[in-house]
Amino acid sequence: MLLVGVIAIFSALALAFHPAYAQNSREISVAVEGTQRRAVVVNDLGPGRNSPVVIVLHGGQGSADAQRERSGFDGLAVLEGFTVVYPEGTEWAPGRHAWNTGFLMRRQVGQANDIAYLDALIDLLIRDHGADPRKIFMTGGSNGAMMTLVYATQRAERLAAIAPVVGAMFSFDTKPSRPLPIMLINGGQDNEVPSEGGFSRNPLVSRNQAAPYKPLAETVQFWTAANRSLMPPVITRSGSVTTSVYRAAPNGAVTISIVDDVGGHGWPGTRGRRQGNNPIQSFDGAERVWEFFKTQSEIP
């Protein structure tokens, strides 16, 4: 906990005072099927740098700017020397955007080709923004976590690791083309995306669900099989948090599941936006995700 606190202090200082933060924040545009799609790039290190890139997807009522403000990646990016990118989904209401996962909000965003958008965005980052194609990481919260999982099953070869946060899968029909390190973070008290699967207990969400969420246990099983991860898991518990690590077999990848028994829906370390919902408070989401990605980026 001391290390986390030190990182948080230095991240805040970097965010407030580091000149790279002020100078290397820019909006970029990607053309996809005749539509211009935006994203925000922070700590852009420039062409030829081969820098790690963390792509952070917002939730179903969010935006690139809101996810940037809430997630806490900016300071870490400057401190740790990676680029962070906040893409933006399709606007379905003023200031609100969502991702087309195929099973959620199909009436609002079902025509968007977000696989093509993320493909084009990654191409642009590699070509013009110094991204190392071997170190492209993706994370996201809620609907952004769901999109991360969808993209990973269809484009595993384009990613180095993923970390979906308080999300779920709808289908196991598409298998990733190769093992892909994954860390799933979920709250045991999440009523919006319950770990037991099924339909959301938020009526706004459940009315727009075309299929039930897959249970977390089945999702972990899906990824341990796809990753050829070793059984049984190494399980540790700290306070309310249980971490299950399924180690990588030769030519496989690690699968990690983190569950905070008292955590609700939302980005870890932030305040809940609805009464009765308290996101995970036992750790900072950006710090935990980057710790995982950094470990994977150091593996040859």
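One structure accompanies this document, and this report is about it. Computed from a prediction, not measured in an experiment: that's the story for all the values here. (Residues numbered from 1 in each chain as written. Predicted model: local features only at pLDDT ≥ 70, side-chain atom pairs only at ≥ 80, totals over all residues. Heavy atoms only, no water.)

1. Section: unusual backbone geometry
- Pro 232 follows Met 231 through a cis peptide bond whose omega is -10°.
- For Pro 232, the location among the structural elements is in the loop between α9 (216-227) and β10 (234-238).
- Even without being a glycine, Glu 33 presents a positive backbone phi close to 50°.
- Mapped onto the secondary structure, Glu 33 falls in the loop between β1 (25-32) and β2 (35-42). (Helix = DSSP H or I, 4+ residues; strand = E, 2+ residues; numbered from the N terminus.)

2. Section: helix α6 (residues 114-128)
- With 15 residues, α6 extends 21 Å from end C-alpha to end C-alpha; this agrees with the ideal 21 Å at 1.5 Å per step.
- At the C-terminal side of α6, Gly 130 shows a positive phi close to 70°. (Expected span 1.5 Å × (residues − 1).)

3. A few points about the nonpolar core
- Counting 39 residues, the largest nonpolar core has Ile 55, Leu 121, Leu 125, Leu 159, Ile 162 and Trp 223 as the members making the most contacts within it.
- Secondary-structure elements contributing two or more residues to this core are β1, β2, β3 (51-57), α6, β7 (131-141), α7 (143-154), β9 (182-187) and α9.
- Top element by residues in this core is α6. It accounts for 7 residues.
- The contact partners of Trp 223, leaving out residues within four places of it in the chain, are Leu 149, Ala 152, Thr 153, Ile 162, Met 169, Pro 176, Leu 180, Ile 182, Ser 229 and Thr 255. (Core = buried A, V, L, I, M, F, W, Y, C linked by side-chain atoms within 4.5 Å. Buried < 20%, exposed > 50% of the residue type's maximum accessible area, 1.4 Å probe, protein only. Contact = heavy atoms within 4.5 Å.)

4. Some words on the packing of α6 against α7
- Taken N-terminus to C-terminus, the directions of α6 and α7 make an angle of 75°; their axes are 11 Å apart at the nearest point. Of the possible angle classes, the one that applies to α6 and α7 is roughly perpendicular. On α7, the residues touching Asp 114, Ile 115, Leu 118, Asp 119 and Ile 122 of α6 are Met 147, Val 150, Tyr 151 and Gln 154. (Axes fitted to C-alpha atoms, helices over the stretch in contact; angles between N-to-C directions. Parallel < 35°, antiparallel > 145°, perpendicular 65-115°, else oblique.)

5. Describing the packing of aromatic side chains
- Enumeration according to the criterion identifies 9 aromatic pairs in this entry.
- On the numbers, 6.1 Å between centres and 15° between planes, the contact of Trp 99 with Tyr 117 is stacked. Here Trp 99, found in the loop between β6 (96-98) and α5 (106-109), pairs with Tyr 117, found in helix α6; they are 18 residues apart in sequence, far enough to count as distant. Here Trp 99 matches Tyr 117 in class, with each residue buried.
- Judged by centre distance (5.9 Å) and plane angle (40°), the ring pair of Phe 292 and Phe 293 falls under tilted. Residues Phe 292 and Phe 293 agree in their burial class; the two are buried.
- The ring centre of Tyr 117 lies 4.1 Å from the NZ or CZ of Arg 37, which sits over that ring.
- The side chain of Lys 214 reaches across the aromatic face of Phe 172, ending 5.2 Å from its centre. (Phe/Tyr/Trp six-rings, centres within 6.5 Å; stacked < 30°, edge-to-face > 60°. Lys NZ or Arg CZ within 6 Å of the ring centre and 35° of its normal.)

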